[in-house]
Amino acid sequence: MKIRDKLLFAFAIYVLLAAIIGFVAYKDLSTITNRLQLVQVADDITNTLLEIRRHEKNYLLFRDKDHIDLLSSFLANLKQNIDGIQREIILDIGNAKYMELKNSIGSYEKKINEIVEIHRAQSDLARMVVAAGQRLQKELRDELLQRFIALRQLEKDFLLKKDSRSFKVFQESFVAMPQGDDLGRYGMLVERLHLLHTREAEIHNAIIEHARAIELFTTNLSAKERADVNAILALSRKLLVLALLTVLAVGVAINVKLAKSIVIPILSLEESTKRMAEGDFSVVNQIRGHDEIASLAQSFNDMGRQLNETMGSLELAVQNLHEKQRQLVEAEKLASLGTLAAGVAHEINNPLAIINEKAGLMQDLMELSKNVPRKDKYLDIISSILESVNRCRTITHRLLGFARGMETTVEAFDISTAVSDVLGFLGQEITAKKIRIQRFLDSFLPAVASDKAQLQQVLLNIIKNAIDAVEEGGVIIVSSLTDGDDAVAVVIADNGPGIPEDRIKRIFEPFFTTKEKGKGTGLGLSITYGIVRRLGGEITVESEVGRGTSFRIRIPLKIHAKKEI
Amino acid sequence: MHQTTILIVDDEVEFASALAERLEIRGYSAIPVFSAHEVLSMIEAHNPDVILLDLKMPDSDGIEVLRNIKKIRPFIAVIMQTGHGDPDSVRLAIESGAADYIMKPINIGELTKKIEALTEDTEKG
């Protein structure tokens, strides 16, 4: 997935989360609004009910028309309120309960009407009782009148108190009276009034009961709706916290994932660039995926590989250059050494010739003389001088030969045969030291057009050195092979003691010898080197202490014009 | 028997005189010549059989001296002495008429052998 897609994906997840949270919050809010309406309705009902109860009490106390009118109007309000309740709220309350409420209100209204009727009946009846009492009072006489007046006193008390006790007191006195038709009717009227009073009390109780039921319902409704609103609010709060936590967690997870998939490859790339800056081009950084960073890493790797290859070939070129420079320096050094050596040799040669002649003359004279004391001793000394001069002569001649070179005669010959010939010359020395010669000579090598005598001199020098180097019974391996299209090579390897690294560098320098003092002039290899170079070839040496030394002589098939040294 | 006369031409006085003395001891008549300029007059004076000529002298070129000798006395045997076996100089000397060459320091035996060989030839010739 590309980084752009990743970012878009993360953004989409955020937007989705925000939309979900927004939707939930909106739904909660609308629910809360509905519930609050319900609370409002419940409160309205409760308030109306309170008004009704107030007027109900006032009416019951004063029994006047004003209060009953007010009560009726509030009751109408209440019914309107109840009827105006929205359907969904009714569903929420429950239809049965709603109907119960309506029934309760209906019953309440009925009972109120009933009690109003009863009150009217009571006042009618009370008027009738008073009228009947007044009529009887006019008709009765004497003692009976006195008793009836006392009874009327009890009647007044009952009318005032309207309770069963005062009615009973009245009844007891009434029963004790002598009965007549009028008195009977009067008593019956009082009794009917008592019955109405009882009925009123019953209805009153019913009214209280219904009112309480309505009150309880509205209180419950209000409380329930408030509780619901609170519950929803609490749930919303929880949801909000949960949503925030989810957003936080998802956000962190997405960001961490994004950061990992973007930053980690970048860091890895950065690490690689640092290493590359430090010169380590072999670092190939693997980044999985198909995004922009992966393709960047791919380009980076390609660049690294190309740089690595370029650096590799550059290093090789520099190495070659160093090698050439080293060879050049070596050749220059040897050339100047040769010039110096030749100069020294030439200068020394003349005084050497004088010493030689003087000593020779002394020897001649000594030999001619008869009576020279200690003649033999002197002759010994002279011959020692001559011997030393002879050694010097060898050195100067070789030095001059090394410096000036010899005439080059070019002929075509087979190098393997030339090697065999040289080995033949040295047969005696090889046998004497019991050396095993292993020949790997290619008899089908192309003919070489070069100076055979000089090359044989070279081979002789090298093989002689090998013979000197190995122990008795040592092994010398001589091989000839092709070296590229335009040259052949002869390799002479021995299992002698080898040459330490610090000495191998100087091995072709004049007067440098690894042999014992007095055994070598230190010129053999420098002359050999000079010859090989003059013939356009190369001579190299490899050696390991304790394992042996190997010389490789490269001879071009044709002599190239080369600077003489 | 004719005594062989040898001119030793070398600017090194000590060398030439010592070598002359040694050749005298060996029965030759040897005359040292220390300068190239004197060579022709000495030839006139001594009529030598063999001339031992140094190839390189500070005041003259040995090859030039050799050619001059050959002009007046083509049959005198000249042995060139060189400090080294420079093949080009040797070849040039031989081409210019030198009979042989010998390298310094000289081995007396080698020199007398060469002289004998050369004088035998002339005697025979």
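No experiment lies behind these values; they were computed from the predicted model shown.

Scoring rules and cut-offs
Residues numbered from 1 in each chain as written. Chains lettered and ligands numbered in written order. Predicted model: local features only at pLDDT ≥ 70, side-chain atom pairs only at ≥ 80, totals over all residues. Helix = DSSP H or I, 4+ residues; strand = E, 2+ residues; numbered from the N terminus. Pairing = 2+ DSSP bridges. Axes fitted to C-alpha atoms, helices over the stretch in contact; angles between N-to-C directions. Contact = placed C-beta atoms within 7 Å. Left-handed = near helix turned anticlockwise from the far one by under 90°. Nonpolar A, V, L, I, M, F, W, Y, C, P; charged D, E, K, R; others polar. Parallel < 35°, antiparallel > 145°, perpendicular 65-115°, else oblique. Expected span 1.5 Å × (residues − 1). Buried ≥ 20, exposed ≤ 12 C-beta atoms within 10 Å, placed from the backbone. Arc of directions from axis to C-beta.

Chemist: Just give me the short version of the environment of K57(A), but keep the residues and values in it.
Modeler: As for its position among the elements, K57(A) is in helix α1 (residues 3-62). Spatially, the C-alpha atoms of K57(A) and I68(A) are 10.0 Å apart, while their sequence positions differ by eleven residues.

Chemist: Run through the sheet that holds strand β2 (residues 436-441) of chain A, naming residues and quoting values.
Modeler: Residue and element names in this part refer to chain A. Read from one edge to the other, the open sheet built from five strands follows the order β2-β4-β5-β7-β6, with strand pairing classed as mixed. Edge positions in the sheet fall to β2 and β6 (538-544), since each of these pairs with one other strand and no more. This sheet shows a mean twist of 10° between the axes of neighbouring strands, independent of strand direction. Where helix α10 (residues 415-425) meets the sheet, its contacts fall on β2, β4 (475-482), β5 (487-494) and β7 (548-556), and the angle it forms with β4 comes to roughly 160°.

Chemist: Go over the packing of helix α12 (residues 452-469) of chain A against helix α14 (residues 524-534) of chain A with me, naming the residues and quoting the values.
Modeler: Residue and element names in this part refer to chain A. Two elements in contact, α12 and α14, have axes whose closest approach is 9 Å; the angle formed by their N-to-C orientations is 145°. Our pair here, α12 against α14, has a crossing hand that is left-handed. Contact with α12, carried on its side by Q454, Q457, V458, N461, I462 and N465, involves G524, L525, T528, I531 and V532 of α14 and no other residues of that element. Of the residues in the contact of α12 with α14, the class split is five nonpolar, six polar and no charged.

Chemist: Could you give an account of the packing of α10(A) against α12(A), naming the residues involved and the relevant values?
Modeler: Residues and elements named next belong to chain A. Two elements in contact, α10 and α12, have axes whose closest approach is 9 Å; the angle formed by their N-to-C orientations is 55°. As the angle between them shows, α10 and α12 are arranged oblique. Handedness of the α10/α12 crossing: right-handed. Residues A418, V419, D421, V422, L423 and F425 of α10 form the contact with α12, whose participating residues are K452, L455, Q456, L459, L460 and I463.

Chemist: Break down helix α6 (residues 164-176) of chain A for me, with residues and values.
Modeler: All names here are of chain A. In this model, α6 (13 residues) spans 18 Å end to end at C-alpha, consistent with the 18 Å of a helix rising 1.5 Å per residue. Within the span of α6, buried status applies to F167, F170 and F174. The arc that holds the buried residues of α6, viewed along the axis, is 65°, so those residues lie on one side. Those residues of α6 that are exposed and aimed more than 90 degrees away from the buried face are R165, E172, V175 and A176. On the buried face of α6, the contacting elements are α5 (142-161) and α7 (181-277).

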